[in-house]
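# Structural characterization, general
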Amino acid sequence: MYQTISSREARAVHDYIKERTVKIGRCIVETKHTVRTIAKEFGVSKSTVHKDLTERLPEINPELASQVKHILEYHKSIRHLRGGEATKIKYKKKKNNKPSDQMVSMKK
């Protein structure tokens with residue numbers, strides 16, 4: 001009923017997660033992108049990226065984790081500004097794409 005995996009297979013999965021975690025950490029330090037952007041680039045969820053960066057990376061590479069932590073703290077400190085800007089852009093687009101008030105008659 002249950003399948004068991006060998007320790008070798010488990011280690012391979014574990015190694016893959018470690019590699020991904022370090023790659024994500026390096027990417028965020030180099031690019032300063034947000035968790036959302038990084039998640040899209042790597043094809044994983046925001047939750048996975050966040051867990052990789054906050055829980056796994058400190059165990060794998062504490063120095064890189066420290067750099068990443070500063071970037072994440074910065075993003076957290078300005079998130080209210082980003083949200084406001086996104087809303088402003090959204091409603092500006094809606095206003096510009098609004099059909100004219102005059103309706104054209106389609107009668108023959």
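Structure's up top.
Residues numbered from 1 in each chain as written. Predicted model: local features only at pLDDT ≥ 70, side-chain atom pairs only at ≥ 80, totals over all residues. Heavy atoms only, no water.

### Notes on the nonpolar core
We count it as follows: Definition used in this section: a nonpolar core is a set of buried Ala, Val, Leu, Ile, Met, Phe, Trp, Tyr and Cys residues joined via side-chain atoms within 4.5 Å. Burial classification: accessible surface area is computed with a 1.4 Å probe over protein chains only, and a residue below 20% of its type maximum counts as buried, one above 50% as exposed, and the rest as partly exposed. Strands here are runs of E lasting at least two residues and helices are runs of H or I lasting at least four, both read from the DSSP assignment and numbered beginning at the N terminus. Contacts are assigned to residue pairs that have any heavy atoms within 4.5 Å of one another.
The biggest cluster of nonpolar side chains holds 16 residues, and the ones touching the most others in it are I28, V49, L53, L57 and V68. If you list the elements that add at least two residues to this core, you get helix 1 (7-31), helix 2 (35-42), helix 3 (46-60) and helix 4 (62-96). Discounting residues that sit within four places of it in the chain, I28 has contacts with H33, I38, L53, V68, I71 and L72.

### A word on helix 4
For the record, the criterion: Given the number of residues in a helix, its expected span is that number minus one, multiplied by 1.5 Å. Note on bend: at a given residue it equals the angle between the axes fitted to the 7 residues ending there and to the 7 starting there.
Taking 1.5 Å per residue as the helical rise, helix 4 with its 35 residues ought to reach 51 Å, and the 48 Å between its terminal C-alpha atoms agrees with that figure. Where helix 4 bends most, at I78, the angle is about 50°.

### Some words on the environment of R56
Position of R56 relative to the elements: it lies in helix 3. Here R56 falls in the partly exposed class, since its relative accessible area comes to 25%. Residues R56 and I17, spaced 39 residues apart in sequence, show a C-alpha to C-alpha distance of 8.9 Å. Discounting residues that sit within four places of it in the chain, R56 has contacts with I17, R20, T21 and K51.

### Here we look at the packing of helix 3 against helix 4
Going by this rule: Simply put, an axis is a line fit to the C-alpha atoms, just over the touching stretch for a helix, and the angle between two N-to-C directions goes from 0 to 180 degrees. Note that the term roughly parallel is reserved for angles under 35 degrees, roughly antiparallel for angles over 145, roughly perpendicular for angles of 65 to 115, and oblique for everything else. Crossing chirality is assigned from the near helix's rotation relative to the far helix, an anticlockwise turn below a right angle marking it left-handed and a clockwise turn marking it right-handed. For this classification, the nonpolar set comprises Ala, Val, Leu, Ile, Met, Phe, Trp, Tyr, Cys and Pro, the charged set comprises Asp, Glu, Lys and Arg, and every other residue, Gly included, is treated as polar.
For the pair helix 3 and helix 4, the least separation of the axes is 6 Å and the interaxial angle reads 150°. The angle between helix 3 and helix 4 falls in the class roughly antiparallel. The handedness of the crossing between helix 3 and helix 4 comes out as left-handed. Here L53, T54, L57, P58 and I60 of helix 3 come into contact with helix 4, specifically with P62, L64, A65, V68 and L72. Residue classes in the contact of helix 3 with helix 4 are distributed as nine nonpolar, one polar and no charged.

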